[in-house]
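# Examination of the molecular architecture
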Amino acid sequence: MSTKPLIKPVTPNFSSGPCAKRPGYDLGKLDQSTLGRSHRSDIGKKALQQVITDTAELLNLPAGYRVGIVPASDTGAMEMIMWSMLGPRAVDICYWESFGQGWYADITKQLKLENVNEIKADYGQLPDLSQVKAENDCIFTWNGTTSGVKVDNADFISDAREGLTICDATSAVFAMEMPWEKLDVTTFSWQKVLGGEGAHGVIVLSPRAVERLESYTPSWPLPKIFRMTAGGKLIDGIFTGATINTPSMLCVADYQDALNWVKSIGGVNACIKKSQANLAVLSEFVATHEWIHFLAEKESIRSNTSVCFSVDLSDKQLKQFIKLLADQEVAFDIGAYKDAPSGLRIWCGSTVEQSDLEALTPWLTWAYQTVTEG
């Protein structure tokens, strides 16, 4: 029987969503002045406007880009965009994991669009993105949260494109370089990379996206929470603190705390470097242990946030492996996503400390030896 390690991660939360809270997080230190107040009050709208402003500034968005807070996390943001904006052009839908596949299903089975080009790949791979056509709208995930595969660059997006690029970047924003000038619509939720609370989505729109919203009316009815225009004009309030539905002001305060933390450590570049350093810890471990493998086949497309692995264990042994680590309180929620290949998924975003990953790796060896020797 292998020797049990002595040092445990201080924070054993490695879930890929909701993700670990920032280092030093203290619920009691959140600004609670908006609690119990209407989100439409001056103080409520000011708090919402502040997180919108800080988001745009930290992400260094180009002039004219708009940030809005919407219901139902990243899923709600993506659905709102697809139902509101798709239809005028053919759609190239690129996917290589379950959430992207879900967008394809919604486009073809719910919206029932006919001129749709499916550009797909298996888990661990990227599809041939050169198939994306400049005249079409393009939908893709920047980082496949359930596959651990990210796009390695945005060269497949034409600077002279006629269609819109719609990017689900929920596990990439604040962790990876985003070429905003090539992204017309970007969606994310703050419960991913920044470890915020759930239920809210964020939409970033380029001027080209705003023009689509103001010039195109879908043929299908839109639920109230999907409507971003009125009388052919963008509903400006969505992007200035007047949300479509009632937001949780506690979640907003929590997000503001996360944004303040990003500022304090040096901004988005510091977050990216921290996440990359976390990935390096696991990369070194994989390089020296033959029984664990990155699901992403090429190094250039390996996610530095939702890091996915295959393991040389049976399904029964893998369940034991995951349970052992949870029972020892050294790693929670590290099983692969339910629709993904059997394996592990360890979050490496910037809210995770490198020292906790360094403490985790000996426990991975211990768990593997325990289940295989037993």
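Below you will find a few notes about this structure. (Residues numbered from 1 in each chain as written. Predicted model: local features only at pLDDT ≥ 70, side-chain atom pairs only at ≥ 80, totals over all residues. Heavy atoms only, no water.)

### Focus: the nonpolar core
- Ranked by internal contacts, the top residues of the largest apolar core, which has 87 residues, are Phe 140, Trp 142, Phe 174 and Phe 321.
- Ranked by size, the runner-up nonpolar core spans 34 residues in total, among them Trp 103, Leu 113, Leu 164 and Leu 234. (Core = buried A, V, L, I, M, F, W, Y, C linked by side-chain atoms within 4.5 Å. Buried < 20%, exposed > 50% of the residue type's maximum accessible area, 1.4 Å probe, protein only.)

### With respect to the sheet that holds strand β4 (residues 137-141)
- Pairing is mixed across the open sheet formed by 7 strands, whose spatial order is β1-β9-β8-β7-β4-β2-β3. A strand with exactly one partner marks an edge of an open sheet, and here the two such strands are β1 (66-71) and β3 (116-120). Going across the sheet, the axis of each strand differs from the next one's by a mean of 15°, ignoring polarity.
- Its contacts with the sheet put helix α2 (residues 73-85) on β1, β4, β7 (165-168), β8 (185-188) and β9 (200-205), and the angle it makes with β9 is roughly 45°. (Pairing = 2+ DSSP bridges. Helix = DSSP H or I, 4+ residues; strand = E, 2+ residues; numbered from the N terminus. Axes fitted to C-alpha atoms, helices over the stretch in contact; angles between N-to-C directions. Contact = heavy atoms within 4.5 Å.)

### Overview of unusual backbone geometry
- At the junction of Gly 17 and Pro 18, the peptide bond is cis and its omega measures out at -10° in the coordinates.
- Take Pro 18: it is sitting in the segment before α1 (42-58).

### Quick word on helix α5 (residues 249-265)
- Between its terminal C-alpha atoms α5 stretches 25 Å, which fits the 24 Å expected from 17 residues at 1.5 Å a residue.
- For α5, the tally of buried residues reaches 12 of 17 residues, placing the bulk of the element in the interior.
- Listed as buried for α5 are Met 249, Cys 251, Val 252, Ala 253, Asp 254, Tyr 255, Gln 256, Asp 257, Ala 258, Leu 259, Trp 261 and Val 262.
- A positive phi of about 115° marks Gly 266, the residue just after α5. (Expected span 1.5 Å × (residues − 1).)

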